[in-house]
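# Structural features, examined
Listed below, chain by chain, are the residues.
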Amino acid sequence: MPNAQGFDYFYGALGANDNGTVRFHENNKAVGMTRDMGGLTKLYTDKSIDYLKNKRDPKKPFLRYLAHTMMHTIVDASPKFRGKSKGGLYGDVMEEFDFETGRLLDTLDELKLADNTLVIYTSDNGPWNQDRYTKRKKGHPAGSIFWGEAGPLRNGKGSPYEAGYRLPCIVRWPGKVPAGKVDKTAILSAVDLLPTFCELAEVKLPKGYKPDGVSQVKALMGKGSSLREKPLFWKSGAAWPPRPTKPDHWVSFAVVHRQWKLVTNAKGDHLELFDLVKDPYEKADLKDTNPKVVKELSQLLEEWKATLPAKPTGKVFSNLRKK
């Protein structure tokens, strides 16, 4: 539970809404459920605003982590926004999400917290836009584009390509983060948040602890290079163990180092190399003209794969169900 991981207060769901139902906990206590998916975005925002105004200690720094259920699987908007956008139901949800985020930012302004609060707005993965998902459309209104779109980026969620992982990351910190700056070549990751926050808060990481990420303070402040010197690794796939006989259940790997990205399948007999600075859409495979880079990244990837567990234990989820 979040309260056992250092959070003073928690309200929300312990999982997704794949079956059209969300069950709530407040701290460690179950507090009901709902099938009203259209009410979730405002509900979570209201709870966040209430925390800022009434539950936090005004004399201490705070971390507020808001993870919305929308837009996941069974999407819906409130009556105030449903049918109002030009993007169908998915567009309605997006507009409501934008409006509610504005309410939260307005609260920071109202409480005079904006100038001393770093706001990071991002997501966890790209859209589920492949045919094997979108053609099923279980429980979704006809004509809704509920999976989102990746634009010119290649593939989508669950793949090792950029549409699976490359997302907008919007950062606001008045007077600290340059307003209006856009960096399309920056490679930041969620694993960078911990070391970034620690540097900003002047907190030293425990001795001997090696975080997966790196501090991105200089990049956020517009004072550093956006090229990534510490490799990032991905493992993509839908099954444990991999079932190569079924196209939907293949496993692949990717590593990003500086501007380079190497993609390989589970067997290692298919490689692709891309220059993400010049080619973020992954159209030009450069492995034949850059053998040294392929060798370097392949070695990094193999060293990382050797650290992976043979299979997931499932202990965390089985213990949760028992409790």
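Scroll up to find the structure this text is about.
What comes next is a walk through the structure. Everything quoted here is computed from the prediction, not taken from an experiment.

Turning our attention to the overall build of the protein. In terms of helices and strands, the protein carries eight helices and nine strands. With 323 residues in all, the protein has 36% of them scored as buried. Contacts spanning at least 24 positions in sequence make up 51% of the contacts within the protein whose residues lie at least 6 apart. Total accessible area on the protein is roughly 20200 Å²; 55% of this is exposed by carbon and sulfur atoms.

A cluster of nonpolar side chains, namely F7, L63, Y65 and F197, defines an oily patch on the protein surface of about 410 Å² accessible area. Checked against the element boundaries, Y65 lands in the loop between α1 (40–55) and α2 (88–110). The exposure class of Y65 is exposed, given its relative accessible area of 58%.

Before going further, it helps to spend a moment on the pattern of salt bridges. Close approach of charged atoms allows side chains of opposite charge to pair. This structure, assessed with the given rule, holds 14 salt bridges. Between R103 and D46 there is a salt bridge whose closest N-O contact spans 2.9 Å. Taken together, the positions of R103 in helix α2 and D46 in helix α1 put the pair 57 residues apart, joining distant regions of the chain. The class of R103 is partly exposed, set by a relative accessible area of 23%. Given a relative accessible area of 27%, D46 falls into the partly exposed group. Put simply, E110 and K53 hold a salt bridge, and the shortest N to O gap is 3.5 Å. Of this pair, E110 sits in helix α2 while K53 sits in helix α1, placing them 57 residues apart in sequence.

Moving on to unusual backbone geometry. That bond from M70 to M71 is cis: its omega, 5°, falls within 30 degrees of zero. The topology assignment puts M71 in the loop between α1 and α2. With phi around 60°, K112 is a residue other than glycine that occupies positive phi space. Topologically, K112 is positioned in the loop between α2 and β4 (119–121). In this model, E202 sits at a positive phi of 55°, which is unusual for a non-glycine residue. Structurally, E202 is set in the loop between α5 (193–200) and α6 (217–220).

Within the secondary structure, D36 is located in the loop between β3 (29–34) and α1. Distance from D36 to A77, taken between C-alpha atoms, is 9.3 Å for residues 41 residues apart in sequence.

Among the seven residues of strand β7 (residues 252–258), six are classified as buried, and the element is accordingly described as predominantly covered. Here strand β6 (residues 228–236) pairs with β7 via six bridges, running antiparallel. Note on β7: the bridge partner recorded for S236 is S252. In this sheet, strand β8 (residues 260–265) lies alongside β7 in antiparallel orientation, the contact comprising six bridges. Bridging across to β8, S252 finds its partner in N265. Between the antiparallel neighbours β7 and β8 lie one residue.

Further remarks concern the nonpolar core. Membership of the largest hydrophobic core comes to 21 residues, with the highest contact counts inside it found for V22, F24, M37, L40 and M70. Counting residues per element, the ones that place at least two in this core are β2 (22–26), α1 and α2. A total of five residues in this core trace back to one element, the largest contributor, which is α1. Look past the residues within four positions of M70 in its chain and what remains in contact with it is N17, M37, L40, T41, V75, D76, V93 and F97. The next biggest cluster of nonpolar side chains, apart from the first, holds ten residues, and it includes V255, L262, L273 and V294.

Here the focus is the packing of aromatic side chains. The final tally for this structure, using the stated rule, is seven aromatic pairs. Look at F81 and F99: their rings are 5.5 Å apart centre to centre, the planes differ by 50°, and that puts the pair in the tilted class. Taken together, the residues span a long stretch of sequence, with F81 in the loop between α1 and α2 and F99 in helix α2 at a distance of 18 residues. With 6.0 Å between their ring centres and 65° between their planes, F97 and Y121 make a pair best called edge-to-face. Taken together, the residues F97 in helix α2 and Y121 in strand β4 connect sequence positions 24 residues apart. For F97, a relative accessible area of 13% corresponds to the buried category. Of the residues examined, Y121 reaches a relative accessible area of 32% and is grouped as partly exposed. Put simply, the rings of F233, F253 and W304 touch in pairs and so form one group of aromatic residues. Over the aromatic face of Y9 sits the side chain of K55, whose NZ or CZ is 5.3 Å from the ring centroid. Across from the ring centre of F253, 4.4 Å away, lies the NZ or CZ of K305, which sits over that ring.

Conventions adopted
Residues numbered from 1 in each chain as written. Predicted model: local features only at pLDDT ≥ 70, side-chain atom pairs only at ≥ 80, totals over all residues. Heavy atoms only, no water. Helix = DSSP H or I, 4+ residues; strand = E, 2+ residues; numbered from the N terminus. Buried < 20%, exposed > 50% of the residue type's maximum accessible area, 1.4 Å probe, protein only. Contact = heavy atoms within 4.5 Å. Areas by Shrake-Rupley, 256 points an atom, 1.4 Å probe, with all protein chains shown as cover. Patch = residues over 30% accessible without salt bridge, like charges linked within 9 Å, V, L, I, M, F, W, Y side chains within 5 Å. Salt bridge = Lys/Arg side-chain N within 4 Å of Asp/Glu carboxyl O. Pairing = 2+ DSSP bridges. Core = buried A, V, L, I, M, F, W, Y, C linked by side-chain atoms within 4.5 Å. Phe/Tyr/Trp six-rings, centres within 6.5 Å; stacked < 30°, edge-to-face > 60°. Lys NZ or Arg CZ within 6 Å of the ring centre and 35° of its normal.

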